[in-house]
Structure formats: C-alpha cells, structure tokens
Amino acid sequence: MKKRGMSLFMTGAVLAGTLAGTTTTFAEQDLAGTKITFLNTKVEIQDYLEDLGAQFKEATGIEVEFYTNTEENHITEKYAAGEPYNIMMMDYPDVADYQEYLYDLTNEEWTKDGGSQYGLTLDEKIYGFPFVVEAMGLIYNADAIEGITGEPFNWEDYSNLESFKGLLATLAEGGLEYPVALNKDDWSLASHVFGQAYCAREDGSESASLAFVDKLKAGEADLANDADFNALMDLIDTFLEYNINKDDPLSASYDLNNEYLKDGTVAFWPNGSWAVNVSELTDNVGIMPYPMDTENAEISKNLVSGATKMLTVDAEYASEEEQKAALEFLDWLVYSEEGQRFLVETCGLISAFSNNEVEADAALSASVASFVKEGKATFWYQAMPSDHNTEVGALLQKYIAGAVDRNGLAEEVAAYWNENN
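From a predicted model like this one, the values you see are computed outputs, not experimental measurements.

Caption draft 1: Structural view of the overall build of the protein chain. Helix and strand counts for the protein chain stand at 16 helices and 11 strands. The C-alpha atoms of the protein chain give 23 Å as radius of gyration, which agrees with the globular expectation for 421 residues (22 Å, within 12%). For the protein chain, the spread of C-alpha atoms along the three principal axes comes to 70 × 50 × 35 Å. Every one of the 421 residues in the protein chain was classed for burial, and the buried ones make up 56%. Expressed as a percentage of contacts within the protein chain between residues at least 6 apart in sequence, the contacts between residues at least 24 apart total 74%. Here the protein chain has roughly 17200 Å² of accessible surface; of this, 42% comes from carbon and sulfur atoms. Counting 24 positive and 75 negative side-chain charges, the protein chain places the averaged centre of each group 3 Å from the other.

Given below as structure tokens:
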C-alpha cells in the first residue's frame with residue numbers, strides 16, 4: 001500500500017478557513033492542477049457536490065470529478081478494469097470487502113476530532129472516513145407530551161422502562177389513548193427496532209457488539225435468556241400495548257405514522273434521524289435512546305448512532321499525487337468553513353466531527369448532533385447479511401401480530417444467524 005511522503009499540513013500553505021477556534025491550512029503547491037475522481041452513491045446530493053468541488057478547486061487548485069452510480073457490482077467492475085475512483089463513497093460492508101485496496105487513514109488529522117470514533121476500523125486501522133452520521137431511537141413530540149403533563153419534557157427522566165411506562169399511562173389517561181406509533185415495515189422492525197438487540201451490549205462498544213453477533217453466528221448465544229434481548233422485548237411489548245395501530249399492527253402505514261407524530265396524535269415513534277420532516281408542525285421534537293433496562297444502565301442514556309456512508313481512498317491504482325489530493329479533500333471537508341457548512345447546512349447531514357459547530361436547521365438533526373458532540377453514542381451494528389431485514393423483519397411481523405411468542409422469536413432469530421455463519 002502506498003504511503004504519503006509528506007504531511008498535507010505544510011508550512012507556507014494557503015489558509016482555507018478558521019472555524020470553532022481551529023486554524024487549518026491547506027496545501028496547494030504541488031497539488032494545483034491535480035485531478036481526482038469521486039464516486040457518490042447519495043444521488044440526491046450530486047448537484048451540491050458539484051458546487052462544493054468548484055469551491056474546493058478555487059481554494060486548492062485541485063479538480064474533483066464527481067460520478068454517481070449505485071449498482072451493486074460497480075466498484076468491483078471498476079477495480080477489475082484497473083480504473084477505480086480515487087475517492088469512493090461506500091456502505092459499511094463494502095469497506096470490509098475492498099479493505100486490501102484501500103488507503104490506511106489511521107494517522108489522518110481528523111481522526112482526533114471524531115474520525116476514530118465514527119470512522120470504520122478494520123484490523124485496528126481506519127479505512128473509512130465518516131461522511132454522515134445517522135441514529136436510531138425513539139422520536140418524540142414534546143408538545144404532545146407537555147400538553148398533557150403540563151411540565152417541560154426531559155427525556156432523561158424517562159430513560160428506564162418503569163418511568164417510561166408511567167409516562168405512557170399518564171398520557172393515555174390524559175387523552176392520548178395510544179401514544180406510540182409502531183411501524184410494520186420489515187426493514188424498520190428488523191433494523192431500527194430489533195437492531196437495538198445487537199447494539200445495547202455491555203459498554204455499548206463496537207467490540208461488545210461484534211462479540212455478541214459472533215456468538216449468534218456460532219450458535220453460542222442463549223438469546224431467550226439474554227438480559228438485553230429481554231429488555232428490548234419488554235420495551236417492544238410496551239410499544240404494542242400503547243400502539244395506535246394496536247387493532248391491526250400489520251396494517252400500519254409509515255407515512256400515516258409520520259403524520260401522527262407531527263400533529264401530536266402520538267407522542268413517540270420508534271425510528272431514526274432520517275425522519276427530519278417531523279418538525280414541519282413544531283420544532284419541539286427530538287430523539288431519545290430506547291428506554292430499556294439493559295444490564296449496563298448507562299446504555300439507556302446513549303443513542304445508537306454511526307456513520308452510514310463512508311468515504312474511502314484507493315491505494316491500489318491511484319498515484320501518490322492523487323492520494324495526496326484525495327486526502328486533502330477529506331481534510332477540507334472537516335476543517336474548512338465551506339466543508340463544514342456543506343455537510344450540515346447544504347445537505348442537512350449530521351457531521352461526525354466534534355469541531356464542526358455549524359448548527360443543523362432541522363430540530364431532529366440538532367437533537368442527534370447533541371448526542372454526537374457529547375460522545376453519548378452506542379455502536380450501531382450495520383454488518384447484517386443482505387437478507388436480514390426481510391428474514392428477521394418477517395419474524396418480527398409475526399411477533400407483533402401475535403403469531404409467535406418471545407421464546408419462539410428467540411429460537412427463529414438464533415437459527416437465522418446460525419445459518420448465516
């Protein structure tokens with residue numbers, strides 16, 4: 001793997017921006033005129049990236065050509081042709097698949113500002129730059145809650161199951177008969193609801209999560225008697241008891257649940273940071289960790305979050321100059337004012353980097369960002385098999401419909417993972 005011969009933070013370089021008390025310089029001497037390529041798999045931001053590229057070229061002299069392609073085997077085909085992109089936007093599992101071709105980012109400056117926590121680490125080396133952070137948890141409409149309780153809503157007062165159930169009972173008695181909207185979609189149930197079972201482990205770390213999933217794959221996890229699994233199922237049962245779709249949970253509409261939360265028909269919606277339009281009717285919304293009685297009580301105060309898109313740098317075919325230019329683009333995203341505002345204001349994304357103090361416009365994004373900046377994060381396990389959401393989602397649909405009990409669900413989920421070992 002090729003290595004950089006010199007630091008990107010060079011004396012005599014051009015000042016690109018000062019933000020949050022940090023002055024960062026960007027080199028342009030030997031890189032001006034360099035052209036690099038960038039694979040973008042978030043097609044909705046392509047135009048924004050083109051505009052950003054123009055700003056980056058003006059600041060550094062480096063030209064970036066942006067391409068979009070979301071086909072499953074596209075990167076494989078590009079490597080087979082010996083023509084991979086210099087920077088590639090990848091999903092979590094793809095980084096592991098292409099690890100041997102990727103640049104080791106471990107010693108980059110941005111790792112100390114959130115990159116080591118949210119970047120993708122394999123074999124104790126960082127290969128993925130965290131482009132966007134997302135989180136899953138319990139979205140709340142504080143207006144709906146406060147309208148009944150008459151008190152300001154503080155989610156930390158309801159971070160365990162007993163206090164949360166008490167609040168739901170109060171809301172039901174006060175006129176919000178069914179204060180929870182539970183989705184029926186297989187991807188939502190499998191990933192954003194049951195996915196918590198893979199994340200809420202011991203200290204909430206990546207190693208704890210991976211060790212648990214390894215036990216599932218090996219058939220060594222006693223899921224039915226697992227404390228954290230049962231803590232999650234106790235919460236799911238609570239969701240079902242107060243579910244506005246209780247009479248027919250499999251007829252629930254995602255779009256209608258969204259409207260219920262926005263207009264205060266319900267107070268809580270298990271979902272994630274992508275549901276930013278919940279603040280269309282009120283800015284008094286946010287997201288909280290699942291109020292589960294996990295073995296480690298602190299986990300109930302940390303939000304399951306992680307980078308869902310990674311930027312990687314090719315180390316197999318890119319020239320040393322192209323690698324330097326690609327690495328400088330990543331630095332510029334983190335430390336320039338233009339890069340910081342691009343992520344948060346232009347694209348409405350949540351930055352993984354603690355030095356980025358640009359505030360998100362969307363109330364839900366701002367809520368997630370507060371957890372990120374305070375380091376209150378639980379590792380988000382995302383390396384599920386490709387059929388996880390359909391297969392495990394179908395099992396969860398059976399459960400919420402009453403077609404299988406908790407022990408039966410545990411057996412079937414354990415069998416699924418054992419078959420995917």
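Now that the structure is up, let's keep going.
Caption draft 2: Quick peek at the side chain of N258. Tracing the backbone shows N258 in helix 11 (residues 254-263). By relative accessible area, which is 8% here, N258 ends up buried. For N258, the side chain forms a polar contact with the side chain of N277, separated by 3.2 Å. Excluding its chain neighbours within four sequence positions, the residues that come into contact with N258 are W269, N277 and V278.

Caption draft 3: The packing of aromatic side chains, seen in detail. Taken as a whole and judged by the stated rule, the model has 28 aromatic pairs. Aromatic side chains W155 and F371 sit 5.5 Å apart centroid to centroid with 40° between the ring planes, which places their arrangement in the tilted category. One end of the pair, W155, is in the loop between helix 5 (142-149) and helix 6 (161-173); the other, F371, is in helix 14 (residues 363-373), and 216 residues separate them in sequence. The class for W155 is buried, based on a relative accessible area of 11%. Connected via pairs of aromatic rings, a cluster forms that spans Y140, F153, Y158, F164, F239, F268 and Y290. Sitting over the ring of Y85, K78 keeps its end group 5.0 Å from the ring centre. Lying over the aromatic face of F212, R201 brings its terminal NZ or CZ to 3.5 Å of the ring centre.

Caption draft 4: Fine view of the pairing of strand 9 (residues 285-288). Neither face of strand 9 is left uncovered, since the one carrying V285 and I287 and the one carrying G286 and M288 both have all their residues buried. Across 4 bridges, strand 7 (residues 125-141) lies against strand 9 in antiparallel orientation. Looking across to strand 9, one finds that L138 is bridged to M288.

Caption draft 5: Focus on the packing of helix 12 (residues 320-335) against helix 13 (residues 337-346). Axis separation between helix 12 and helix 13 bottoms out at 5 Å; the angle between their running directions is 75°. Considering their axes alone, helix 12 and helix 13 lie roughly perpendicular with respect to each other. Taking contact as the criterion, the partners of W332, L333, V334 and Y335 in helix 12 are, on helix 13, E337, E338, G339, Q340, F342 and L343.

Caption draft 6: Inspection of helix 13 at higher detail. Within helix 13 the residues assigned to the buried category are G339, Q340, F342, L343 and V344. Take helix 13 and look down its axis: the buried residues cluster within an arc of 165°, on one side only. Looking at the residues trailing helix 13, positive phi occurs at G348, about 65°.

Caption draft 7: Spatial organisation of the nonpolar core. Among the nonpolar cores identified, the biggest contains 138 residues, and F131, F153, F194, Y198, F268 and F329 are the most heavily contacted of them. Looking at this core element by element, the count peaks at 11 residues for strand 7.

Caption draft 8: The arrangement of unusual backbone geometry in detail. Phi at D123 is positive, roughly 55°, even though this residue is not glycine. We classify D123 as exposed; its relative accessible area is 63%. If you check the backbone angles, E202 has positive phi at about 45° while not being a glycine. Inspection of the secondary structure assignment puts E202 in the loop between helix 8 (196-199) and helix 9 (206-218). Overall, the relative accessible area of 59% leaves E202 in the exposed class.

Caption draft 9: Representation of empty space enclosed by the protein in the model. Throughout the structure, instances matching the rule amount to 1 cavity of 30 Å³ or more. Size it by volume and the largest cavity reaches roughly 60 Å³. In this structure, the largest cavity is lined by Q196, A200, P289, Y290, M292, T294, I299, S300, N302, V304 and T378. By residue class, the composition of the lining of the largest cavity is 6 nonpolar, 5 polar and no charged.

Caption draft 10: Main features of the layout of surface pockets. Here the largest pocket is characterised by a volume of approximately 540 Å³. Only helix 3 (92-97), helix 7 (186-193), strand 10 (303-313) and helix 15 (388-400) provide two or more residues apiece to the lining of the largest pocket. Looking at side-chain class alone, the lining of the largest pocket contains 6 nonpolar, 7 polar and 4 charged residues.

Caption draft 11: Region of interest: the pattern of salt bridges. Scanning all chains against the criterion turns up 16 salt bridges. In this structure, E337 and R341 form a salt bridge, with 3.0 Å as the shortest nitrogen-oxygen distance. Pair noted here: E337 and R341 are both in helix 13, with a separation of 4 residues, about one helical turn. Given a relative accessible area of 32%, E337 falls into the partly exposed group.

Caption draft 12: A look at the packing of helix 1 (residues 46-60) against helix 12. Interaxial distance between helix 1 and helix 12 falls to 12 Å at its minimum, and their mutual angle equals 110°. Put simply, helix 1 runs roughly perpendicular to helix 12. Contacts from L52, Q55, F56, A59 and T60 of helix 1 reach helix 12 at A325, E328, F329, W332 and L333. Looking at the contact of helix 1 with helix 12 residue by residue, the classes come out as 7 nonpolar, 2 polar and 1 charged.

The rules we used
- Residues numbered from 1 in each chain as written.
- Predicted model: local features only at pLDDT ≥ 70, side-chain atom pairs only at ≥ 80, totals over all residues.
- Heavy atoms only, no water.
- Helix = DSSP H or I, 4+ residues; strand = E, 2+ residues; numbered from the N terminus.
- Rg over C-alpha atoms; globule rule 2.2 N^0.38 Å.
- Buried < 20%, exposed > 50% of the residue type's maximum accessible area, 1.4 Å probe, protein only.
- Contact = heavy atoms within 4.5 Å.
- Areas by Shrake-Rupley, 256 points an atom, 1.4 Å probe, with all protein chains shown as cover.
- Lys, Arg positive; Asp, Glu negative; His and termini not counted.
- Charge placed at Lys NZ, Arg CZ, Asp CG, Glu CD.
- Polar contact = N/O pair within 3.5 Å; in protein donor to acceptor, adjacent residues only side chain to side chain.
- Phe/Tyr/Trp six-rings, centres within 6.5 Å; stacked < 30°, edge-to-face > 60°.
- Lys NZ or Arg CZ within 6 Å of the ring centre and 35° of its normal.
- Pairing = 2+ DSSP bridges.
- Axes fitted to C-alpha atoms, helices over the stretch in contact; angles between N-to-C directions.
- Parallel < 35°, antiparallel > 145°, perpendicular 65-115°, else oblique.
- Arc of directions from axis to C-beta.
- Core = buried A, V, L, I, M, F, W, Y, C linked by side-chain atoms within 4.5 Å.
- 1 Å grid on protein atoms, 1.4 Å probe; cavity = no way out; pocket = protein on both sides within 12 Å on 5 of 7 lines; lining within 4 Å.
- Points joined across faces, edges and corners; volume = space filled by probe spheres on them.
- Nonpolar A, V, L, I, M, F, W, Y, C, P; charged D, E, K, R; others polar.
- Salt bridge = Lys/Arg side-chain N within 4 Å of Asp/Glu carboxyl O.

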